[in-house]
Amino acid sequence: MKHPLLDYEVQRPPQFASLVGVSKPTVMAWIKAGKLKAHKIGARYYIPDSELARLLQESTQIGN
């Protein structure tokens, strides 16, 4: 999805969690720990799709 205030595609935590196969609380913990970059607009977090690509690339490198 594209947020009107951001120039790139983003995911909300529930959608991001579903894409990577973890729970929403796990995604929120990653955001709060600084392991996952996200933008907070109002009370909602938006995670850039680039973070999904980064996370998948890191997991692929760990698997090798």
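None of the values given here were measured: they were computed from a predicted structure.

Rules and cut-offs
- Residues numbered from 1 in each chain as written.
- Predicted model: local features only at pLDDT ≥ 70, side-chain atom pairs only at ≥ 80, totals over all residues.
- Heavy atoms only, no water.
- Helix = DSSP H or I, 4+ residues; strand = E, 2+ residues; numbered from the N terminus.
- Contact = heavy atoms within 4.5 Å.
- Pairing = 2+ DSSP bridges.
- Polar contact = N/O pair within 3.5 Å; in protein donor to acceptor, adjacent residues only side chain to side chain.
- Core = buried A, V, L, I, M, F, W, Y, C linked by side-chain atoms within 4.5 Å.
- Buried < 20%, exposed > 50% of the residue type's maximum accessible area, 1.4 Å probe, protein only.

### Examining the environment of Val22
Argument step 1. Structurally, Val22 can be placed in the loop between helix H1 (13-20) and helix H2 (24-33).
Argument step 2. With 11 residues separating them in the primary sequence, Val22 and Gln11 have C-alpha atoms 14 Å apart.
Argument step 3. Not counting the four nearest positions on each side in its chain, Val22 is found in contact with Ala17, Val27 and Trp30.

### Structural notes on the sheet that holds strand S1 (residues 10-11)
Argument step 1. Read across the open sheet, the 3 strands follow the order S1-S3-S2; overall the sheet is antiparallel. Each having just a single partner strand, S1 and strand S2 (39-41) make up the two edges of the open sheet.

### Considering the side chain of Glu51
Argument step 1. Counting through the fold element by element, Glu51 comes out in helix H3 (residues 49-63).
Argument step 2. Within the structure, the side chain of Glu51 is placed 2.7 Å from the side chain of Arg54, a separation counted as a polar contact.
Argument step 3. Apart from residues lying up to four places away in sequence, Glu51 is in contact with Phe16, Lys35, Leu36 and Lys37.

### Digging into the nonpolar core
Argument step 1. Listed in full, the 10 residues of the largest apolar core are Phe16, Ala17, Val27, Met28, Ile31, Leu36, Tyr45, Ile47, Leu52 and Leu55.
Argument step 2. Broken down by secondary-structure element, the contributors of at least two residues to this core are H1, H2, strand S3 (44-48) and H3.
Argument step 3. Looking at this core element by element, the count peaks at 3 residues for H2.

### A short note on the side chain of Gln11
Argument step 1. Within the fold, Gln11 resides in strand S1.
Argument step 2. Only 3.2 Å separates the side chain of Gln11 from the side chain of Asp49, close enough to count as a polar contact.
Argument step 3. Beyond its immediate stretch of four places on either side in the chain, Gln11 contacts Met1, Phe16, Leu19, Tyr45, Tyr46, Ile47 and Asp49.

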